[in-house]
Each structure stands twice: as C-alpha cells, then as structure tokens.
Amino acid sequence: MTVEDIEERLRETELEIYARRPEHQISPTLDRIAMLVSLLGDPHRAFPVIHVTGTNGKTSMTRMIDSLLRERGLRTGRFTSPHLISARERISIDGVPLSPERFVELYDEILPYIQMVDDSQPAPLSFFEVLTGMMFAAFADAPVDAAVIEVGLGGRWDATNVADGAVAVIGPVGMDHMQWLGNTIEEIAGEKAGIIKPGSTAILAQQQVAAAEVLLAHAATVGATVAREGIEFGVLAREMAVGGQQIALRGLRGAYDEIFLPLFGAYQAGNAACALAAVEAFAGVSEVVPSTSEGTGSIELGPGLSAAGLDPGIVRDGFAKVSAPGRLEVLRNSPMVIADASHNPAGMAATLEAVTETFSNLGRLIGVAAVSEDKDVTGLLDELEPVLSDIVVSSNSSARSMPAAALGALAAEVFGEDRVQVAERLDDAIEIAVALADEASSGEDDVLGSAGVLITGSVVTAGDARALLAPGRAVDAPPEPGTPARHSFTVGDLQ
C-alpha cells in the first residue's frame, strides 16, 4: 500500500470507531469489554499494570510514569485519553504512538471479535471500549514489560478496569462529569476508588478531606496498601527554571534532588511526586520507611533499583525526558501563544496559577476559549476572568463543542460585553487574539510589558490549536532546538 492508501485507510478506520457511542457516555457495565478480552485470549493479563485515574493530572502522571519505567530499561505500553490529533496517540509502545499501518492492522485483526460482541450484547461496544480492546491486544502482542493505563472516565465502570492494577494512582478528585459520576465529591471519589484492587498499592495525590475518606475506606476494604502525597511522599522543594522547574522529591524510600522537570506549575511537581511513588511501588519498594533510612529489607532488586530506592540518575533522566503536549505548551513566541487542555474549574485554577507564576513577564493575557457544552462553562469563565484582559470565544472540532454565540453570551455575563469577542472559527479567534496581543505589546502607552495568548477550555481545543500552529511538531516530542519563533501570522498561515 502507498502512503496515501494507508492514510486513507486510517481515516476510514478512525471514522468507523468514532461512529460508535462516544466515550463520555458511559454504560455502567464491564460485560462488553470483558467478553471482548475473553474472545481475544485475555491479553489484559499478559503484563503488570499501573492504573491511573483522578479528575485532573491523569495524562501527565501517566506520561511521567511511562518515562521513568522506560528509563529503567522496561518496555512499556501507555494508554491515554483523550487524544490531541489522532486516536493513534492513545496507544503507545516505548513512548511511540502506533504507526498508521499498525493501528489499521490491529483494528482489522480484532474486528471479527468486536462484531461478535456487538451481536451478542444488549448494546454494541462503544468508541472507548473498542480502543481499550485494541490497546490490550497491542500491548500483549508487543509484548510489553509493563503497561501504564489511564482511565477514560471514572474508574469502577471504565472499560480499562477489567485489568487488575498492581499499583493504582489517583490524582486530585474534583467535580467533573457529574452527570455520569455523581453530584458530590464523595460519589465521584467512590467511582474512582474502583480501580484500587485487593492487594494492590494505592498512590493518592493530595485530596479534599471528603474524597480522601472515601478512597481510604475503599483501600481498607480491599486490603490495599496506601501511600499519600504530603505524608508518605511528596514535593520537598521546587523553584522556577528555564523551560520548566527544578524540584526535589521525597519518595516512598529515599529523597531525590536536582530533578529538572520540563513542565510548568506546582501541580506538575505534585504529579511528579505521585509518578515517582508509583514507580517505586511498582519496583517493589512500597514499604514506607523514613527517607533517611539505609535499611535494605529483603526485597528483590530490579534494574535501576538500590536498597534505598531508585537510582537518582535514572529518576533525573526519566523526568528530564517527560513531555506533556497540550499542557501549558508554548506553541509560538512574539507574541507568546500557549495551549492548555484544562476543561474544568479545578484544572483551570491550577493552570492559571502556573501561568501567573511562570509567565509573570506578560503584562496582558488574551484568552481564546472553546469548550464542551456539557462542562461547567460558567465555572471555567469565572476562573479565567481575573487573569485575562480580553477573551475571544469560539468553537472547536468536537461535536460536543458549545456554539460560539452561546459561549459568547455566557462570557459577556462574566467579563462584560466590552471584553468579549466571538469568532465562529478557531483560526479566526486565534488571529484576533494575536492581533490584540501585538497591539498591546507595541502600543506606546503599554507599561506592563509584553502580551500573550492562552488557548484553552478543552483537550480538543488544545489539539486543534496545536494542529493549526505547530502542524509539524510530533505529539510525543518537544520542539527541535533552534525552532524559529513566528512573530505573527494570518488565517492563511493557520490553514
């Protein structure tokens, strides 16, 4: 097949999968995915699993864990969602998304079994269930030494939960997806607690008290070992650095300093602490002892593992190689254009705190927002209003995107009409925002410094912006050193 043939077949395959029930519309049963993996020969049992959930930070933690495991010499499978550009990104082996050829081949291989499940169950497999089945099959076929699997939605009824994670990582639990997970923090935490399996180790990020109580109670019920951020492990120190931050972490066994993390924000340092603890637990050092202990215990040591914990050099190298596309990612300079996937109020609050800290030289920040209409849109706008001087609202490529006019009406209530502009197309919205930033930066009366643009509101929005502004940048690679900055652009540049 030619490259064109493969690309066309990939488009057809993705459209077939997208035509199924969307991933955000969960049906509370594991029967369909359980039948699929059974027909496939139980590939989900062919490798140990680190399972990751939470309201915010899941993808970043998954990518960090994957990087640390690969630095220890393990062949890894990584499953994340949603994707920025292509569904292929969700299934990665050794940090590399499936090739178009392999993605199509894999789908064709399991399609007969997908059809068998569709024909025998009350409802056909969903979009996410099909991708989950493909992921398990890909990892078993590789084969991988370990899989780092991000939950799609919730935990208890998520299709990934047919796997039994040796380590369960639960990021901060907040209010999101309430129509499916519950209307209280306790209900949502209960759904996410479902990935904590008997005999596993649960790594808990800092939580609201109500969420922590639910998670700890479930862990006790199933006999899981628990380690908590801020108690058994955590961030010891952090300071700003060029291109990221310098951090020191306390793990489950030992302290690790002089770590460069090429990501911005205190929340990413917390995610790094959770990722480190997860890898330590997975490596067999989940017995919690003081970080100054020299005790050896009787654990079996693996690659890159000493009696005091992980090799500090491996930890530093693993974190230094982490990337998180679409998470406070600088796409352009002069004016600075930043894309971020925050899509709920708690995530947006953490993002804006990081923006304020990291980009303090920006005297004025113009926002571009496109959001899903099933989100707490007013809550998102409330978080943005104190930080943005102006906002340009639009829509993204998702069918769930709120129409630009409707979002504009809500934004006007929060920002005031004089600070809001509406553009139906995202490329037009970006162009308007960049023009505002250019005008602010070059104006004679500007005494606040340069201006920048923040594109946010949804993972899809961040992905669309990435495709428009950095079409040649690989999703799993940082920009090449020396990549020239774009000083301005037009609609033609964006298409």
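Residues numbered from 1 in each chain as written. Predicted model: local features only at pLDDT ≥ 70, side-chain atom pairs only at ≥ 80, totals over all residues. Heavy atoms only, no water.

Colleague: Mind laying out the pattern of salt bridges, listing which residues take part and the relevant values?
Modeller: One pass over the structure, following the stated rule, counts 25 salt bridges. Its salt-bridge partner being Glu 232, residue Arg 228 comes within 2.5 Å of it at the nearest N-O pair. What makes Arg 228 partly exposed here is its relative accessible area of 30%. Linking Asp 257 and Arg 316 is a salt bridge whose minimum nitrogen-to-oxygen distance equals 2.9 Å. Linking Asp 257 in strand β11 (residues 255–261) with Arg 316 in helix α10 (residues 312–320), this pair joins segments that are 59 residues apart in sequence. Overall, Asp 257 belongs to the partly exposed group, its relative accessible area being 40%. What emerges from the salt-bridge pattern is a single network uniting Arg 102, Glu 105, Glu 109 and Asp 141. (Salt bridge = Lys/Arg side-chain N within 4 Å of Asp/Glu carboxyl O. Buried < 20%, exposed > 50% of the residue type's maximum accessible area, 1.4 Å probe, protein only. Helix = DSSP H or I, 4+ residues; strand = E, 2+ residues; numbered from the N terminus.)

Colleague: I'd love a proper account of the side chain of Ser 67, names of residues and values included.
Modeller: With respect to the element layout, Ser 67 can be found in helix α3 (residues 58–71). Owing to a relative accessible area of 4%, Ser 67 belongs among the buried residues under this scheme. When residues no more than four places from it in sequence are discounted, the contact partners of Ser 67 are Gly 318, Lys 321 and Val 322. (Contact = heavy atoms within 4.5 Å.)

Colleague: Explain the packing of aromatic side chains to me, using residue names and the numbers behind them.
Modeller: Applying the stated criterion across every chain, the model contains 4 aromatic pairs. Residues Phe 47 and Phe 139 carry aromatic rings whose centres are separated by 5.9 Å and whose planes lie at 75 degrees to one another, so their mutual orientation is edge-to-face. Here Phe 47, found in the loop between α2 (31–39) and β1 (49–53), pairs with Phe 139, found in helix α5 (residues 127–141); they are 92 residues apart in sequence, far enough to count as distant. Comparing Phe 47 with Phe 139 shows no difference in burial state: the two are buried. (Phe/Tyr/Trp six-rings, centres within 6.5 Å; stacked < 30°, edge-to-face > 60°.)

Colleague: Before we move on, could you go through unusual backbone geometry and cite the residues and values that matter?
Modeller: The step from Ala 142 to Pro 143 runs through a cis peptide bond, and the omega angle for that step is -20 degrees. A cis amide bond, omega 0 degrees, links Ser 334 with the succeeding residue Pro 335. Note that Pro 335 resides in the loop between β14 (329–332) and β15 (336–339). With phi around 55 degrees, Asp 42 is a residue other than glycine that occupies positive phi space. With respect to the helices and strands, Asp 42 occurs in the loop between α2 and β1. Exposure remark for Asp 42: the relative accessible area of 35% places this residue in the partly exposed category. One non-glycine residue, Leu 328, lies in positive phi territory at about 45 degrees. Mapped onto the elements, Leu 328 comes out in the loop between α10 and β14.

Colleague: Any details on the sheet that holds β11? Residues and values, ideally.
Modeller: Sheet architecture is open: 3 strands sit in the order β9-β10-β11, paired in antiparallel fashion. With one partner strand each, in any of the chains shown, β9 (234–241) and β11 form the two edges of the open sheet. Going across the sheet, the axis of each strand differs from the next one's by a mean of 15 degrees, ignoring polarity. Judged from the 7 bridges that link them, β9 and strand β10 (residues 244–250) form a sheet pairing that is antiparallel. From the neighbouring strand, Glu 239 faces β10, where its bridge partner is Gln 246. Sitting on the sheet, α10 touches β10 and β11, and the angle it makes with β11 is about 25 degrees. (Pairing = 2+ DSSP bridges. Axes fitted to C-alpha atoms, helices over the stretch in contact; angles between N-to-C directions.)

Colleague: Lay out a nonpolar patch on the surface in plain terms, naming residues and giving numbers.
Modeller: On the surface, a cluster of nonpolar side chains totalling about 240 Å² of accessible area is made up of Leu 39, Tyr 113 and Met 116. Note that Leu 39 resides in helix α2. (Patch = residues over 30% accessible without salt bridge, like charges linked within 9 Å, V, L, I, M, F, W, Y side chains within 5 Å. Areas by Shrake-Rupley, 256 points an atom, 1.4 Å probe, with all protein chains shown as cover.)

Colleague: Please give an account of the environment of Met 402 that cites residues and values.
Modeller: Its place among the elements puts Met 402 in the loop between β17 (390–393) and α13 (404–415). Take Met 402: its relative accessible area is 10%, and that puts it in the buried class. For Met 402 and Ala 370, which are 32 residues apart along the polypeptide, the C-alpha to C-alpha distance reads 7.3 Å.

Colleague: So what about a negative patch on the surface? Which residues, and what values?
Modeller: Negative charge collects at one region of the surface, where Glu 4, Asp 5, Glu 7 and Glu 101 lie side by side. Looking at the secondary structure, you find Glu 4 in helix α1 (residues 3–18). By relative accessible area, Glu 4 is classed as exposed at 58%. (Lys, Arg positive; Asp, Glu negative; His and termini not counted. Charge placed at Lys NZ, Arg CZ, Asp CG, Glu CD.)

Colleague: Pulling in residues and values, what's your account of the packing of helix α7 (residues 185–192) against helix α8 (residues 209–222)?
Modeller: One can describe the packing of α7 onto α8 by two numbers: an axis separation of 8 Å at closest approach and a directional angle of 35 degrees. Remark: the crossing between α7 and α8 carries right-handed chirality. Packed against α7, whose contacting residues are Ile 185, Glu 186, Ala 189 and Gly 190, the element α8 presents Ala 210, Ala 211, Val 214 and Leu 215 at the interface. Considered class by class, the residues forming the contact of α7 with α8 number 6 nonpolar, 1 polar and 1 charged. (Left-handed = near helix turned anticlockwise from the far one by under 90°. Nonpolar A, V, L, I, M, F, W, Y, C, P; charged D, E, K, R; others polar.)

Colleague: Would you mind going over α10 in detail, with residue names and values included?
Modeller: Because the α-helix completes a turn every 3.6 residues, residues three or four places apart line up on one side. Every buried residue belonging to α10 is among Ile 314, Val 315, Gly 318 and Phe 319, and all of these are buried. All buried residues of α10 fall inside an arc of 125 degrees around its axis, so they share one side. The secondary structure elements touched by the buried residues of α10 are α3, β10, β11, α9 (266–282) and β13 (309–310). One side-chain oxygen of the residue at the start of α10 lies 2.7 Å from the amide nitrogen of Gly 313, identifying that residue as Asp 311. (Arc of directions from axis to C-beta. Polar contact = N/O pair within 3.5 Å; in protein donor to acceptor, adjacent residues only side chain to side chain.)

Colleague: Quick one: what's the story with the side chain of Ser 394, residue by residue and with numbers?
Modeller: With respect to the secondary-structure elements, Ser 394 resides in the loop between β17 and α13. Classification of Ser 394 by relative accessible area gives buried; the value is 0%. A distance of 3.3 Å separates a polar side-chain atom of Ser 394 from the backbone oxygen of Arg 425. In this structure, Ser 394 is in contact with Ala 369, Ala 370, Met 402, Ala 404, Leu 407, Ala 423, Glu 424, Arg 425, Leu 426 and Ala 429, ignoring residues within four places of it in sequence.

Colleague: Requested: an account of the sheet that holds strand β7 (residues 201–204), with residues and values cited.
Modeller: What the 8 strands build is an open sheet, ordered β4-β3-β2-β5-β1-β6-β7-β8; its pairing is mixed. Of all strands in the sheet, those with a lone pairing partner are β4 (96–97) and β8 (225–228), marking the two edges. Contacts from α5 reach β2 (76–79), β3 (91–93) and β5 (146–150) within the one sheet, and its direction differs from that of β3 by about 10 degrees.

Colleague: Could you give me a rundown of the nonpolar core, with the residues and numbers involved?
Modeller: Within the largest apolar cluster, 39 residues are counted, with the highest numbers of intra-cluster contacts made by Ile 50, Ile 65, Val 169, Ile 203 and Phe 319. At the level of secondary structure, the elements contributing two or more residues to this core comprise β1, α3, β5, β6 (167–170), β10, β11, α9 and α10. The leading source of residues in this core is α9, at 11 residues. Beyond its immediate chain neighbours, meaning those up to four positions away, Ile 203 contacts Val 167, Ala 168, Val 169, Ile 170, Ala 227, Phe 233, Leu 252, Cys 274, Ala 277, Ala 278 and Ala 281. Counting residues in each nonpolar core, the second largest holds 38 residues, with Val 37, Leu 125, Val 144 and Val 162 among its members. (Core = buried A, V, L, I, M, F, W, Y, C linked by side-chain atoms within 4.5 Å.)

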